Amino acid sequence: MTDADFLLCAAHLLLDSEEALRQLCPGCRARAEAELCPVCGGDRGEWGVNLAFDQARFEAQRRGER
């Protein structure tokens, strides 16, 4: 396959997915477009704050402190 063939194939894949979404009702379309966790299926909006992030350490490192 040439580069143009790959590009055409990618364009058709995008068009096919858009067509499939247009066939869904608004509620199902919203669920299909939602970014979900690949393991548990939880909505990305439910993930919340990164509890392992240390804001104080981040600020210190940003100032060049160790």
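**Considerations on the overall build of the protein chain**
1) Next: Within the protein chain, the regular secondary structure consists of three helices and zero strands.
2) Next: In sequence order, the secondary structure elements of the protein chain are arranged as α-α-α.
3) Next: Taken along its principal axes, the extent of the C-alpha atoms in the protein chain is 50 × 35 × 20 Å.
4) Next: Counting the 66 residues in the protein chain, one finds 5% classified as buried.
5) Next: As presented, the protein chain carries roughly 6,200 Å² of accessible surface, and 59% of it is formed by carbon and sulfur atoms.
6) Next: In the protein chain, 8 side chains carry a positive charge and 12 a negative one; their mean positions are 10 Å apart.

**Notes on the confidence of the model for the protein chain**
1) Next: Here the protein chain averages 88 in pLDDT, and 95% of its residues register 70 or above.
2) Next: Averaged pLDDT values over the elements of the protein chain bottom out at 90 in helix H2 (residues 26–33) and peak at 95 in helix H1 (residues 3–22).

**Some remarks on the packing of aromatic side chains**
In this description, a pair of aromatic rings is defined by centroid distance and the angle of the planes.
1) Next: Here the structure, examined in full by the defined rule, presents one aromatic pair.
2) Next: Residues Phe-53 and Phe-58 carry aromatic rings whose centres are separated by 5.6 Å and whose planes lie at 50° to one another, so their mutual orientation is tilted.
3) Next: Residue classification places Phe-58 among the partly exposed positions, given a relative accessible area of 36%.

**Structural notes on the pattern of salt bridges**
1) Next: A full pass over the atoms with the stated rule returns two salt bridges.
2) Next: Here Glu-59 ties to Arg-62 by a salt bridge, and the two come within 2.9 Å at their closest N and O atoms. In this pair, Glu-59 and Arg-62 both sit in helix H3 (residues 55–62), three residues apart, roughly one turn of the helix.
3) Next: With a relative accessible area of 21%, Glu-59 lands in the partly exposed category.

About the cut-offs
Residues numbered from 1 in each chain as written. Predicted model: local features only at pLDDT ≥ 70, side-chain atom pairs only at ≥ 80, totals over all residues. Heavy atoms only, no water. Helix = DSSP H or I, 4+ residues; strand = E, 2+ residues; numbered from the N terminus. Buried < 20%, exposed > 50% of the residue type's maximum accessible area, 1.4 Å probe, protein only. Areas by Shrake-Rupley, 256 points an atom, 1.4 Å probe, with all protein chains shown as cover. Lys, Arg positive; Asp, Glu negative; His and termini not counted. Charge placed at Lys NZ, Arg CZ, Asp CG, Glu CD. pLDDT = per-residue confidence, 0-100. Phe/Tyr/Trp six-rings, centres within 6.5 Å; stacked < 30°, edge-to-face > 60°. Salt bridge = Lys/Arg side-chain N within 4 Å of Asp/Glu carboxyl O.

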